[in-house]
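Structural characterization, general
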Amino acid sequence: MTTKMMGAKVQRVEDDRLVRGTGRYVDDVAPDALHAAVLRSPHAHARIVSIDVDAVLDVEGVHAVWTHEDLEGAMAEPLPLLIPHPTLTHGRTQYALAKDEVNHVGEAIAFVVADDRYVAEDALARIVVEYELLPAVVGIEAARTATHLVHDDVPGNVAARMEQSNGDAAAAIAAAPHTLSLDLKIERSACMPMEGRGTVARWDPDQNRLQVWTSTQTSTGVRAAVAAKLGLDLGQVDVITPDVGGGFGVKIVHPWPEELLVPLAAQRLGRAVKFTEDRREHFISSAHERAQMHHVEVGFDDEGRVLGLDVRFWHDHGAYTPYGLIVPIITSTQLLGPYKPGAYHVQFDSLYTNTVIVTPYRGAGRPQGCFVMERTMDAIAAELGKDRADVRAVNFIQPDEFPYDQGLIFQDGRELKYDSGDYPAMLAKIKELVDWDHFEDFRAAKAAEGKRVGLGLACYVEGTGVGPYEGAHVHIETSGKVKVATGLTSQGQGHQTAFAQIVADELGVRFEDVEITTGDTRRMPYAVGTFASRAAVMSGSAIHLAAKRTKEKALRIAADALEADVDDLEIVDGVVSVKGTDSSIPLGTVAVLSNPLRYAFDEASKAATQFNVGDPTKPPVAEDDEPGLEGKDFYSPPRSTFASGMHAVIVETDVETAEIRILKYAVVHDCGHLINPMIVEGQIHGGVAQGVGGALYERMAYDESGQLLNASFMDFLMPYVTEVPASIEIDHLETPSPLNPLGIKGAGEAGVIPGSAAFAAAIEDAERLPITAMPISPSELFALRATHAPHAQESK
Amino acid sequence: MKPAPFDYVRPGTLEEALQALAGHPEAKVLAGGQSLVPLLSMRLAAPAVLVDINDLPDLDHVRVVADGVRIGALARHAAVLRDPDVARVQPLVPLALANVAHATIRNRGTTVGSLVHADAAAEMPMVLRLLEGSLDVAGPGGRRTIPADELYVGPLESSLHHDEIAVEAFFPALPGGSGVAFEEIARRHGDYAMCGVAAVVAVEGDRVVKASAGYLSVSDIPTVVDLTEALDGSVDDTALAAAADVALEQLDPETDIHATADYRAHLARVLTARVVTAAYENAREEQQS
């Protein structure tokens, strides 16, 4: 093999197209399509008394206006509850168009199809809805108090109460020499991909087939849902996911109402129909995440070793539960991070509020869990007067303890059993990156300049690469080019590059000759989706396995053609040769030979025609073989593989203005073997940026009546490039996973997980006052200073 | 996020533009469109007619005259910001402009448009008031000059009549022996500030003889406060504290989702001290050069 691609910093091949603006997104498909727009509830909680669409009917250019009354059969039923769980006793999902009641501002009520989006929006303005207002339940406190109910038939607003334990935490805490209790809170944020949701559909009446292009993280999931709701067979529905301008979790939710209404409209109207979500809609009708309140009881020894940990938390899942309990289950399990408490008990309530639904956003419950655990570690260190890193170190699972069973059930219904890791080595690296041991010198030097600085550290473990499976199909063309299809979707991760690296290595072909197709059910109808940092682990492994199969076949055919032994062959740059000889055959020719022909179509194909090839006494295609140089395989892991990382941040908190400046941000990350360090670092950069957003800028500002006050990029403060650290220092550790053939672990979400935990620790360290709620703004820090008198006096 | 239907006219002369405005009480003038177009798209404004003035002649200028800088209605922020003569004659203009939104918005947005949009969180209305500049407007009855202190009458409300078009702003030159400074604190780079303060300080020797400060985002119209008396010639800590006290009496910060009223008031205090000190030092330097 020439150069090994796995582990190389290969420039992303997709970027030339994407950064030049020649990506092809859903909105670029079918420019002649009719446009849909959705009437959304202006109220957080109301009964719909009547809907009058008469004024719309005579608007020129309007082709359809529907309310729930216009839906039939399965379309008139609630949307699917995607991930049921035994403890989700009161799961509720919305209708594609609201039936009788709306439960959050932004809920879909009516659907208009018109010549263009302008006319469609004009039409929406003419629909008259009479509402009977109901009291809105906003925020976790209101949900817990349950003075008012979101759904009349859900007592206490509780959709689920779930509990897990490992050992007797209460007894361990009672017997511990030291105890602490903490109350910790995280607010809502959201994924906010550059491209919002979008769907285009076209119905072919001659073939009775539906084609759907949608901006999703699961084209197979949408396909199954559309088929079920529209009463079609899977074979009648193709779902194609073109370029996706970011997902971050929100697009794993499916089917969105529009993903069903657009195909239905295309079928009913016989025209291509398009829905392109705008930014305001994205704020009020997609999904949010993160809001949770936590109460921690912890017992520990003189060294800071956690003997018992009891966490009770309340999760605000918004108005409905389409994605089940995934987020709070992840918090409740991944909270443990790299630590091994003597005993652990966790219980959560998943609560309804009259707000936008909550589904996984990059990190998916882990940022909250990490915040809780790391704040607890810092509190223990403060209580004992010990170094914060030392307290963490005594609680680490040690390298020789893997596989380590945390004794809980993870989000995939399988054991929370860590496969590998080396947390002490990682801690040593992060301490070195931020010069941990000399920070007090730095603090003193800054103090001499009148400046206040602080250092924070946060550690996490991330279960990645959850099942059930992914598959891949590899096809070597007679040109020697390699076409690879995997079913999960891409939304900017660099799959074209990383997967091609895997194929190039395994097949011995040039990286440039590999073309990857993702998210197209015509090419790979069996797939799950892109979420939970699983694409590299799942599809990467499947592609590796499929390439291996293809290679075996290529070598078998080449051995025949070259009259050599398979073991003596090698493939380099797409040419199979007998090692140490001139005898060789290009893979393209092997592909020609793999497909016995009756008819030649060019010079090369003559070699495969019936008078030129094969043993005339045997069938041209053997009984256990098939024509073509192709290979297909699936990868299905026993359970998740656990990546890990540690972040450290140094901040300056302005003595006068309480502004929070990032002086240094350092990351040590372990995702097993790296396919492409440049892509992994890019993932970390993006994650850190979102971590900065979640810690210092972003929140969903709901008022008491359930109106979202900052539903625009003017007031919802995503960090700009100017707010993100100009450089992020990254070091890698490579502890391979024993669970997959490439030894890899997921890297997609990692960068965001410890953001709030690390910033809270750094600000607390700078200010010497407890930080128990995130995000934090300068205005809030100023208010905190005012309530903590000693420091208030110190800062004049 | 698509605008409601509107008519669009793009006149070639000022007279035609004025006629178009006069003929439609619901008309709005479009110049750079950086505030108006988002309002249209979110259907927060639904004017019947947009009168696009981008084809009008003789309005795209930045001209330095004997006593100051004259900025035409079609001059983009970016053009004003990069004009070295403007920086020489009135350095506060580029200091403030650098804080107006982001480069892409400054490429399209006009300084005069920002002045008539009359946002108390915007930089240029406050600067015009602080410098005691003026705005020339054309109307059916001819041109008139509105002094800056008569321009702002309420939140997002100027004293322009509906049938008038702002054609040129005048920012007076910085007199000798004077210095300026500007600082604002925003949640993110380029955002509307939680508080911003600019100062003009005149000195004789090391003594302050005149000082005033302008404030944005801490009152419902751009506010200017004379600090001369409070400073009583000095910029020591006591004088600065007294100046901030005087300023805060005239400000009325409000709480919103980004900052509390207390915090904004605190920032006004901190920034008053910072910009008055900086302007004082600049004035001293200017005096010595």
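Each value, and the rule that gives it
Once a new chain begins, its residue numbering starts again from 1 and follows that chain's sequence as written. As a convention, the first chain written is A and the first ligand written is 1, with the rest following in written order. The model is predicted, so local features are restricted to residues of pLDDT at least 70 and side-chain atom pairs to those at 80 or more, both for listing and for counting; the totals for chains, interfaces and linings are taken over all residues. To qualify as a helix, a DSSP run of H or I must reach at least 4 residues; to qualify as a strand, a run of E must reach at least 2; elements of each kind are numbered from the N terminus. With the radius of gyration taken over C-alpha atoms, the globule rule is written as 2.2 Å times the number of residues to the power 0.38. Every C-beta atom is placed from the backbone, and the number of other C-beta atoms within 10 Å of a residue's own sets its class: buried at 20 or more, exposed at 12 or fewer, partly exposed in between. Contact between residues is assigned whenever the C-beta positions, reconstructed from backbone atoms, fall within 7 Å. Strand pairing follows a simple DSSP-based rule, namely that at least 2 bridges must link the two strands. Helix axes are fitted to C-alpha atoms over the stretch in contact, other axes to C-alpha atoms as well, and angles between N-to-C directions run from 0 to 180 degrees. UniProt positions are given in the numbering used here, feature names are shortened, and annotations may be inferred rather than shown by experiment. Source of the domain bounds: an automatic or database domain assignment. Residues are sorted three ways: Asp, Glu, Lys and Arg are charged, Ala, Val, Leu, Ile, Met, Phe, Trp, Tyr, Cys and Pro are nonpolar, and all the rest, Gly among them, are polar. What sets the label is the angle itself: under 35 degrees gives roughly parallel, over 145 gives roughly antiparallel, 65 to 115 gives roughly perpendicular, and the rest give oblique. Take the far helix as your reference; a near helix turned counterclockwise from it by less than a right angle gives a left-handed crossing, and one turned clockwise gives a right-handed crossing. Within a predicted model, pLDDT stands for the predictor's per-residue confidence, ranging from 0 to 100. Within this analysis, the arc is defined by the directions that extend from the helix axis to the C-beta atoms. Remark: nonpolar core denotes a set of buried Ala, Val, Leu, Ile, Met, Phe, Trp, Tyr and Cys residues whose joining runs through C-beta atoms within 7 Å.

Description of the overall build of chain B
Within chain B, the secondary structure is distributed over 11 helices and 14 strands. At 19 Å, chain B has a C-alpha radius of gyration in line with the 19 Å of a compact globule built from 289 residues. When its C-alpha atoms are laid out on the principal axes, chain B stretches across 60 × 45 × 30 Å. Burial status across chain B gives 49% buried among its 289 residues. Long-range pairs, those at least 24 residues apart, make up 62% of the contacts in chain B with a sequence separation of at least 6.

Some words on the sheet that holds strand β23 (residues 575-578) of chain A
Consider a sheet: its strands pair through backbone hydrogen bonds, and that pairing is either parallel or antiparallel. All names here are of chain A. As summarised here, the arrangement of the 3 strands in space is β22-β23-β24, forming an open sheet in which the pairing is antiparallel. Unpaired on one side and paired on the other, β22 (569-572) and β24 (584-586) mark the two borders of the sheet. Sheet twist, expressed as the mean angle between neighbouring strand axes with direction ignored, is 20°. Bridge analysis of β22 against β23 gives 4 bridges, and the strand direction is antiparallel. By the bridge assignment, I571 is partnered in β23 with V576.

Some details on the UniProt feature "domain: Aldehyde oxidase/xanthine dehydrogenase a/b hammerhead" (unreviewed entry) in chain A
The positions that UniProt labels "domain: Aldehyde oxidase/xanthine dehydrogenase a/b hammerhead" (unreviewed entry) are, in the present scheme, residues 20-135 of chain A. Secondary structure content for residues 20-135 of chain A is 10% helix and 29% strand, and the end C-alpha separation is 49 Å.

Observations regarding the sheet that holds strand β12 (residues 273-276) of chain A
Residue and element names in this part refer to chain A. The sheet built from 7 strands is open, its strands ordered β3-β5-β1-β12-β9-β10-β11 with mixed pairing. The sheet terminates laterally at β3 (62-66) and β11 (237-240), the two strands that pair on one side only. This sheet shows a mean twist of 20° between the axes of neighbouring strands, independent of strand direction. With 4 bridges joining them, strand β10 (residues 209-214) and β11 adopt parallel strand pairing. Residue pairing in the sheet places L210 in a bridge with V237 of β11. Across the sheet, helix α6 (residues 219-230) lies against β10 and β11, angled at about 145° from β11, the strand it touches most.

Thoughts on the domain arrangement of chain B
Residues and elements named next belong to chain B. When cut into domains, chain B gives domain 1 (7-52), domain 2 (62-172) and domain 3 (178-283). Here the C-alpha centroids of domain 1 and domain 2 sit 19 Å apart. Of all the elements, helix α1 (residues 14-23) adds the most residues to the side of domain 1 that touches domain 2, at 5 residues. The residue makeup of the side of domain 1 that touches domain 2, split by class, is 8 nonpolar, 4 polar and no charged.

Points about the interface of chain B and chain A
Opposite the 17 residues of chain B that make contact, chain A presents 23 residues. Among the elements that line the side of chain B that touches chain A, the one with the most residues is helix α11 (residues 261-288) of chain B, at 4 residues. Classifying every residue of the side of chain B that touches chain A gives 10 nonpolar, 4 polar and 3 charged.

Concerning the packing of α6 of chain A against helix α7 (residues 257-269) of chain A
Residues and elements named next belong to chain A. Look at α6 against α7: their axes get within 10 Å of each other, and the N-to-C directions meet at 55°. When the axes of α6 and α7 are compared, the pair comes out oblique. Classified by chirality, the crossing of α7 by α6 is right-handed. The segment α6 lies against α7, with V222, V226, K229 and L230 engaging E259, L260, P263, L264 and Q267. Broken down by class, the residue content of the contact of α6 with α7 amounts to 6 nonpolar, 1 polar and 2 charged.

Concerning the confidence of the model for chain B
Chain-level pLDDT for chain B is 96 on average; 100% of the residues reach the 70-or-more range. Reported for the predicted complex are a pTM of 0.96 and an ipTM of 0.96.

Considering helix α12 (residues 423-433) of chain A
All names here are of chain A. Turning to α12, its buried residues are Y423, M426, L427, I430 and K431. Buried residues of α12, viewed axially, fall in a sector of 135°; they line one side. Contact partners of the buried residues in α12: α11 (388-395), β18 (453-464), β26 (641-653), β27 (660-670) and β28 (729-733). Looking one or two residues past α12, D435 carries a phi angle of roughly 55°, positive in sign.

Details of the nonpolar core
Looking at soluble globular proteins, one finds that nonpolar side chains tend to be buried together. Within the largest apolar cluster, 284 residues are counted, with the highest numbers of intra-cluster contacts made by V503 of chain A together with A198, A199, V201 and V276 of chain B. The leading source of residues in this core is helix α15 (residues 535-562) of chain A, at 13 residues. Discounting chain neighbours no more than four positions away, the residues touching A199 of chain B are V180, A181, A211, A213, V275, V276 and A279 of chain B. Formed by 55 residues, the second largest nonpolar core is a distinct cluster that contains V65, L79, V113 and V226 of chain A.

With respect to the environment of R92 of chain A
Residues and elements named next belong to chain A. Residue position: R92 is located in the loop between β3 and β4 (101-102). The class for R92 is partly exposed, based on 18 C-beta atoms found within 10 Å. The spatial distance from the C-alpha of R92 to the C-alpha of P616 is 65 Å, given a sequence separation of 524 residues. When neighbours within four sequence positions are excluded, R92 is seen to be in contact with H151, V154, Y320 and T321.

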